[in-house]
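Below are the chains, spelled out letter by letter.
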Amino acid sequence: MYAGTNKGGTEAIIAAERLVLERRSSLDQALTVEAVIQSFPMAIDRIMGEGGLWDPATAAAAYLQGSGDISEAVHLIRAHRSTLPRLTHSEPLNPREMKLLRRVVSTQRQPDGPILLGETVDYTARILHDGPDLPLPIVEPVDETPLEHPADEPFRRFRDYLADKGVLVDRALETDEEPFDIQMVAAQLPAQRSAVLSASAQADTGALINIWYQSILGPDSYAAEAVALGEVRHGRLPLRVADPHTGELVQIGELRASECEAVASLGGMRGEDPTTFDVGYAMAFGHNERKVIAAASLDMSIVRFKDTETGRRLEQVMLFTTDGLSASGFLEHLKLPHYVTFESKLDASLAARAEQDAELERLLADHHQEGGI
C-alpha cells in the first residue's frame, strides 16, 4: 500500500524534479547529443541493447536526461519505444553479411579469413591518463602502402571448420520455428530458444556475466575453462524490409551488432558423443563483447541440458532475472512509501510481544503461588 502524495508530498516531488532540471540546464551547452555519441560509444551501445531500440541519437538524449545513469536511460528508452507504431517487420539478419569492424578467433592461430583487432582497449595498459597528449606514441608504418580493410565474408567460420571435419554436433530442428517476440508476449517456460536468445540480447550485461561466472566456478572456486571462443565479431549489418508496393527487399539502413560463437567439446554425459563439439550463439546491438560471450556460453548450456533440472533452472534464470529494468525497478520501488504495511507488521510484532510478556507474567505468578503454598 503506497501513499505517494500526502502532507506536502506533491510539493516535495515537484521540488525534487526542479533540482534535477536546474542542474541539467546549467550544463555546458557543448555537451550535445552528437558529442555524447562520439565520447561514450560503449554506453550508448549498451543503452540501445538493453532498451531494445536502435537509435544512437535517442539513446544519447536518454543518457543526458538520465544524468549518465544507464538504468535510467534504458527506462526512458523502453518507455519511448512503447509509444512507437510498428510499421513493418524487417527481414531476418544474415550474420554472414556483416561488414567487419572487429573479428577475433582465439581457437586458431591462422584461421580462414582475417583477424581484425579494430578499436579495442583489450591490449592497453590500465594506466589512468590525464592530459592533452596521447598516452602512446603514434608509430609511423614502415611500409608506405596504404592500409586496406580485409575482405569480409565469404570465408569459413570456426563452426564451418568443425563441420568440415565432421565433429560438430547436429542441432538442426525439424521445423523452423517462428521467432518469439518477447516485446509483445511475455515468454513462459519452457521457452523457445529464440525467446532465450532475445532475452539475453536485451539483458543487463553484468547480470549475464555474473550468471556465466557462477556456472563455470568449480567447488574449489577455480574457474573451469571448458569453453573456447570460435568467433567474436563486431560489425555492420544491412537492415532490409519488403517494399509495400512491389514486395521486393529494400535496404533501409545499417545497424552495428556484436556476435559470438562459443565452442566446447562434449564430455559424453547423458548420451552425448564425446568426439563432437557444440556451439552456442549470441548477438546483441552495438559493441558489447562481454554480453555476447557470456550469453553464447549460457546458450550452449541451456540447449545441452534442456531436459534436466539444471537446464530448466538456468533457462528460468535467463528469462526472468536478467532484465536490468525489471530488477532495478523492483529494487528502487523500495524507496516508495511503505509505512502502511510496515506499521501493520510492527503492530503485529508488538501485539505478539505483549502476548508473550503477559504469558510470562502469568507463569511467574503461578510459580509464586505454588511456592507460597
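The rules behind these values
Residues numbered from 1 in each chain as written. Predicted model: local features only at pLDDT ≥ 70, side-chain atom pairs only at ≥ 80, totals over all residues. Heavy atoms only, no water. Patch = residues over 30% accessible without salt bridge, like charges linked within 9 Å, V, L, I, M, F, W, Y side chains within 5 Å. Areas by Shrake-Rupley, 256 points an atom, 1.4 Å probe, with all protein chains shown as cover. Salt bridge = Lys/Arg side-chain N within 4 Å of Asp/Glu carboxyl O. Helix = DSSP H or I, 4+ residues; strand = E, 2+ residues; numbered from the N terminus. Axes fitted to C-alpha atoms, helices over the stretch in contact; angles between N-to-C directions. Parallel < 35°, antiparallel > 145°, perpendicular 65-115°, else oblique. Left-handed = near helix turned anticlockwise from the far one by under 90°. Contact = heavy atoms within 4.5 Å. Nonpolar A, V, L, I, M, F, W, Y, C, P; charged D, E, K, R; others polar. Core = buried A, V, L, I, M, F, W, Y, C linked by side-chain atoms within 4.5 Å. Buried < 20%, exposed > 50% of the residue type's maximum accessible area, 1.4 Å probe, protein only. Phe/Tyr/Trp six-rings, centres within 6.5 Å; stacked < 30°, edge-to-face > 60°. Pairing = 2+ DSSP bridges. pLDDT = per-residue confidence, 0-100.

Colleague: Would you mind going over a nonpolar patch on the surface in detail, with residue names and values included?
Modeller: A surface patch of nonpolar side chains, about 310 Å² in accessible area, is lined by Ile115, Leu117 and Tyr123. Relative to the helices and strands, tyrosine 123 resides in the loop between strand S1 (99-104) and helix H6 (158-164).

Colleague: For the packing of helix H7 (residues 193-202) against helix H9 (residues 289-304), give the residues involved together with the corresponding values.
Modeller: At a minimum axis separation of 10 Å, H7 and H9 run at an interaxial angle of 155 degrees. With respect to H9, the element H7 is oriented roughly antiparallel. Relative to H9, H7 is oriented so that their crossing is right-handed. Contacts from Arg193, Val196, Leu197, Ser200, Ala201 and Gln202 in H7 reach Lys291, Ala295, Asp299, Ile302 and Val303 in H9. Residue composition of the contact of H7 with H9, by class: six nonpolar, two polar and three charged.

Colleague: Could you give an account of the nonpolar core, with specific residues and numbers?
Modeller: Core analysis: the largest hydrophobic core is formed by 26 residues, its most contacted members being Val196, Leu208, Leu298, Leu314, Met318 and Leu319. Contributions of two or more residues to this core are made by H7, helix H8 (205-216), strand S3 (249-265), strand S4 (277-285), H9 and helix H10 (309-320). By residue number, the principal contributor to this core is H9, which donates seven residues. The residues contacting leucine 208, other than those within four sequence positions of it, are Ser200, Ala203, Lys291, Ala294, Ala295, Leu298, Met318 and Thr322. Within the second largest apolar cluster, 14 residues are counted, among which are Ile37, Ile47, Ala60 and Val74.

Colleague: Explain the packing of aromatic side chains to me, using residue names and the numbers behind them.
Modeller: Following the criterion strictly, the structure yields four aromatic pairs and no others. Ring centres 5.6 Å apart and planes at 25 degrees place the aromatic pair phenylalanine 158 and tyrosine 161 in the stacked group. Of the two residues, phenylalanine 158 and tyrosine 161 are both situated in helix H6; the distance of three residues between them amounts to about one turn of the helix. Of the residues examined, phenylalanine 158 reaches a relative accessible area of 8% and is grouped as buried.

Colleague: Please set out the pattern of salt bridges residue by residue, giving values where relevant.
Modeller: Here the idea is simple: oppositely charged side chains can pair when their charged atoms come close. Per the stated rule, a full pass over the model turns up 23 salt bridges. For the salt bridge of aspartate 45 with arginine 256, the shortest nitrogen-to-oxygen distance reads 2.8 Å. Here aspartate 45 is found in helix H3 (residues 41-51), whereas its partner arginine 256 is found in strand S3, with 211 residues between them in sequence. For aspartate 45, a relative accessible area of 3% puts it in the buried group. Across the pair glutamate 254 and lysine 99 runs a salt bridge whose closest N-O atoms are separated by 2.8 Å. Residue glutamate 254 is found in strand S3, and its partner lysine 99 is found in strand S1; the two are separated by 155 residues along the sequence. Residue classification places lysine 99 among the partly exposed residues on the basis of a relative accessible area of 43%.

Colleague: Describe in detail the sheet that holds strand S2 (residues 228-242), supporting the description with residues and values.
Modeller: Reading across from one edge, S1-S2-S3-S4 is the order of the four strands in this open sheet, with antiparallel pairing throughout. Either end of the sheet is taken by a strand with one partner, and the two such strands are S1 and S4. For this sheet, the mean inter-axis angle between neighbouring strands, taken without regard to orientation, is 25 degrees. Bridge count between S1 and S2: five bridges; the pairing is antiparallel. Bridge assignment links arginine 103 to a residue of S2, and that residue is arginine 233. Contacts from H9 reach S1, S2, S3 and S4 within the one sheet, and its direction differs from that of S4 by about 140 degrees.

Colleague: Please set out the packing of helix H4 (residues 56-65) against helix H5 (residues 70-81) residue by residue, giving values where relevant.
Modeller: Viewed as axis vectors pointing N to C, H4 and H5 meet at an angle of 130 degrees, and their least axial separation amounts to 8 Å. Between H4 and H5, the angle is such that the two are oblique. Handedness of the crossing formed by H4 with H5: right-handed. Where H4 abuts H5, its residues Thr58, Ala59, Ala62, Tyr63 and Gln65 lie against Ile70, Ala73, Leu76, Ile77 and His80. The residue makeup of the contact of H4 with H5, split by class, is seven nonpolar, three polar and no charged.

Colleague: I'd like a description of the confidence of the model for the protein chain, backed by residues and values.
Modeller: Per-residue pLDDT for the protein chain averages 85, and the proportion of residues at 70 or more is 88%. When pLDDT is averaged over each element of the protein chain, H3 comes out on top at 95 and helix H1 (residues 9-25) at the bottom at 78. In the model, residues 1-5 has pLDDT below 50 throughout and makes 15 contacts with residues more than four positions away in sequence or in other chains.

Colleague: Pulling in residues and values, what's your account of the pairing of S3?
Modeller: Of the strand pairs in this sheet, S2 and S3 are connected by 14 bridges, and their pairing is antiparallel. Its bridge partner being in S3, arginine 240 is matched across the sheet by glutamine 251. Connecting S2 to the antiparallel partner S3 that follows it, the hairpin turn spans six residues, and glycine 247 within it adopts a positive phi of roughly 80 degrees. Judged from the nine bridges that link them, S3 and S4 form a sheet pairing that is antiparallel. Directly across from valine 263, in S4, lies its bridge partner valine 279.

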